[in-house]
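# Structural overview
Here is what each chain is made of, one letter per residue.
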Amino acid sequence: MYDIAIIGAGITGSAIARELSKYNLNIVVFEKGVEVCQGTTKANSAIVHGGFDAKVGSLKAKLNVRGNELYPELCKELQVEFKQIGSLVLAFNEDDEKHINELYNRGLKNNSRGLKILSKEEVLEIEPNINKNVVSALLCESAGIVCPFNLNIALMENAITNGTTLKLSSQVIDIEKNENYFNIKLENKEEINAKYVINAAGVYADKINNMIGGDEYYIIPRKGEYKVLDKSEGKIINHVLFQCPTKRGKGVLVTQTVHGNLIVGPNAIPVEDKEDITTTKNGIDEIVRDSKKTIENIDFRKTITSFSGLRATSNTGDFMIFASEKCKNFINVGGIESPGLASAPAVAEYVIEVLKNEGLNLVEKENFNPVRIKNKPFSHMTKEEREEVIKKDENYKKIICRCESVTEGEIVDAIRRTCGARTVDGVKRMVRPGMGRCQGGFCGPKVIEILARELNVSVEEILKDYDNSYMVVGKVKEMRGETVEI
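These numbers were taken from a predicted model, which means no experiment stands behind them.

A count of helical and extended segments in the chain gives 13 helices and 23 strands. On C-alpha atoms alone, the chain measures out to a radius of gyration of 23 Å, which is about the 23 Å that the 2.2 N^0.38 rule sets for 486 residues. With the C-alpha coordinates of the chain rotated into their principal frame, the extents come out at 60 × 60 × 45 Å. Going through the 486 residues of the chain one by one, you find that 58% of them count as buried.

If you want it as structure tokens, here you go:
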């Protein structure tokens, strides 16, 4: 019998698991994917918003601002790269100027930090490549960027280090409430009992809530498409650049990633299929066209990939975090769309308070370890550091991905870690082979071979990402990925 079962191992479920692992509790996390970070968390703008946009008095506003405050220390503890580069909401006409003044005043009411309205001259001084039609902008100094993959994985790694159990390929198909516990049925025929259930199932949160008779909200999946450009384009801006928001969302943005690429998007398309992450020519053309309002001279010839992700938009317009009145000890954490990434650590804190109100007795551990150790990327090491790591492990001599300078040693570590990669894209998210210009064209076969060797399976069993996404269907000849000796 577990004390708490968490459904979903995205950024929200993993943040809750890590927060709960500070207490003397027996916790299990169910994830339907073959590894963590396979849903909304893997495909978003990677922005830690400042909290000025959310409706005053909403949970989004409260938890965004609090989450933003928690990020620097959290990322330090988990050794996740976080850059507080600030954001600008750009005004191009009189109506836009009225809007950014509204955002400024709303941000003050929300207690958002580092807000200032800049003149045209001030904007162009800090962002010289912006469209010269800009007339003013709202600066939010507290906004930042993070790697959502590594933060998601780091949170779960740290939760596991502190005693949490993670069950992958464990889709919940039914929940029965008995007098003092829940019986949770999984697609793999396993049944697990738990005293409390936390529903952090992303776009499927409404379906999980329906299993216990809940109907307080429903999820409208909203697809957003993006383009990622080469690192040479990432240097053309210094801040996260927003256009004025519309009813459909925050609009097409332009920003750096923490790794130096440029990312442009998203649009906002309501979809019925909760698995629809297709990209379309019309959608990509839309974000290219709309981005030119911000920066006219983005060189889209340097695009290295396009992708889309789903946002778990609630029909209520706010985060749905509450204890069910229809089923005691069932906690909903639904409708976690933007600013969900920024809010995640605060959502976890808030869930603790909800659980206390439900009667859960929480006793802090004396031996909680908040620190997660991550190996320094080979590409960031000094010559001396590289020589030292190669002495310990000769796998670091072998460059597998030349675009990102990723070694075999790093790939092996990614697979062997506490919350290790099990797929080609999982390795890609953790240590970046295949994230460069060739998108795995050269290193991909070698990554497959390393995964097969480390997992002790055949290459035909290696997945790209999801179940049944097999990379190899059979052998024609011996696979030969490029390996470069240093």
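Next up on the list: the packing of aromatic side chains. Applying the stated criterion across every chain, the model contains four aromatic pairs. With centroids separated by 6.3 Å and ring planes inclined at 55°, the aromatic side chains of phenylalanine 182 and phenylalanine 330 adopt a geometry described as tilted. Residue phenylalanine 182 is located in strand β11 (residues 182-186), and its partner phenylalanine 330 is located in strand β20 (residues 330-334); the two are separated by 148 residues in the primary sequence. Residue phenylalanine 330 is classed as buried on the basis of its relative accessible area, which comes to 0%. Note on tyrosine 226 and phenylalanine 307: the rings are 4.8 Å apart at their centroids and 10° apart in plane angle, and the pair reads as stacked. Separated by 81 residues along the polypeptide, tyrosine 226 in strand β13 (residues 219-229) and phenylalanine 307 in strand β18 (residues 303-314) bring together distant segments of the chain. Positioned above the aromatic ring of tyrosine 204, the side-chain terminus of lysine 274 is 5.7 Å from the ring centre. Taking NZ or CZ as reference, arginine 402 lies 5.9 Å from the ring centre of phenylalanine 442, over its face.

In this section: unusual backbone geometry. Glycine aside, negative phi is the norm for most residues, and most peptide bonds take the trans geometry. A cis amide bond links glycine 265 with the next residue in sequence, proline 266, at an omega value of -5°. Within the secondary structure, proline 266 is located in the loop between β16 (262-265) and β17 (269-270). Along the chain, serine 338 connects to proline 339 via a cis peptide bond; the corresponding omega equals 10°. Examined against the element boundaries, proline 339 turns out to sit in the loop between β20 and α9 (340-357).

What follows covers the pattern of salt bridges. Counted under the stated rule, the structure contains 38 salt bridges. With its nearest N and O atoms 3.0 Å apart, the salt bridge here joins glutamate 157 to arginine 372. You can see glutamate 157 sitting in helix α5 (residues 148-161) and its partner arginine 372 sitting in the loop between α9 and α10 (383-392), a full 215 residues away along the chain. For the pair shown, glutamate 157 and arginine 372 are each scored as buried.

Attention now moves to the sheet that holds strand β3 (residues 47-48). Spatially, the three strands line up as an open sheet ordered β3-β8-β4, and their pairing is antiparallel. Strands at the two margins of the open sheet, each flanked by one partner only, are β3 and β4 (82-83). In this sheet, strand β8 (residues 144-146) lies alongside β3 in antiparallel orientation, the contact comprising two bridges. In the sheet register, isoleucine 47 faces β8, and the bridge partner there is isoleucine 145.

Considering the arrangement of structural elements, one finds serine 314 in strand β18. Exposure remark for serine 314: the relative accessible area of 4% places this residue in the buried category. Beyond its immediate sequence surroundings of up to four residues, serine 314 is in contact with Tyr217, Tyr218, Ile219, Met320 and Gly335.

For the rest of this paragraph, the subject is the environment of methionine 430. Inspection of the secondary structure puts methionine 430 in helix α12 (residues 424-431). Judged by its relative accessible area of 9%, methionine 430 falls in the buried class.

Here the focus is the packing of helix α2 (residues 59-78) against α9. With their axes 6 Å apart at the nearest point, α2 and α9 run at an angle of 100° to one another. Between α2 and α9, the angle falls in the class roughly perpendicular. For the pair formed by α2 and α9, the contact residues are Leu59, Lys60, Lys62, Leu63, Asn64, Arg66, Gly67, Asn68, Leu70, Tyr71 and Leu74 on the first element and Leu341, Ala342, Ser343, Pro345, Ala346, Val347, Glu349 and Tyr350 on the second. Residue composition of the contact of α2 with α9, by class: eleven nonpolar, four polar and four charged.

Going residue by residue along strand β2 (residues 27-30), you find Ile27 and Val29 tucked away on one face and Val28 and Phe30 tucked away on the opposite face as well. Two elements, strand β1 (residues 2-7) and β2, share four bridges in a ladder whose sense is parallel. Counted as the bridge partner of isoleucine 7 is phenylalanine 30 from β2. Taking the sense of rotation as the criterion, the β-α-β connection linking β1, helix α1 (residues 11-20) and β2 turns out right-handed. Where β2 meets strand β9 (residues 165-167), three bridges bridge the pair, whose relative direction is parallel. The residue of β9 that forms the bridge with valine 29 is leucine 166.

Moving on to the nonpolar core. Membership of the largest hydrophobic core comes to 93 residues, with the highest contact counts inside it found for Leu20, Ile198 and Val333. Here the element with the most residues in this core is α9; it accounts for ten residues. Discounting residues that sit within four places of it in the chain, valine 333 has contacts with Thr12, Ile16, Ile198, Asn199, Ala200, Met320, Ile321, Val347 and Val351. The next biggest cluster of nonpolar side chains, apart from the first, holds 23 residues, and it includes Leu262, Ile287, Ile295 and Ile298.

Criteria and thresholds
- Residues numbered from 1 in each chain as written.
- Predicted model: local features only at pLDDT ≥ 70, side-chain atom pairs only at ≥ 80, totals over all residues.
- Heavy atoms only, no water.
- Helix = DSSP H or I, 4+ residues; strand = E, 2+ residues; numbered from the N terminus.
- Rg over C-alpha atoms; globule rule 2.2 N^0.38 Å.
- Buried < 20%, exposed > 50% of the residue type's maximum accessible area, 1.4 Å probe, protein only.
- Phe/Tyr/Trp six-rings, centres within 6.5 Å; stacked < 30°, edge-to-face > 60°.
- Lys NZ or Arg CZ within 6 Å of the ring centre and 35° of its normal.
- Salt bridge = Lys/Arg side-chain N within 4 Å of Asp/Glu carboxyl O.
- Pairing = 2+ DSSP bridges.
- Contact = heavy atoms within 4.5 Å.
- Axes fitted to C-alpha atoms, helices over the stretch in contact; angles between N-to-C directions.
- Parallel < 35°, antiparallel > 145°, perpendicular 65-115°, else oblique.
- Nonpolar A, V, L, I, M, F, W, Y, C, P; charged D, E, K, R; others polar.
- Right-handed = clockwise from strand over helix to strand, strands pointing away.
- Core = buried A, V, L, I, M, F, W, Y, C linked by side-chain atoms within 4.5 Å.

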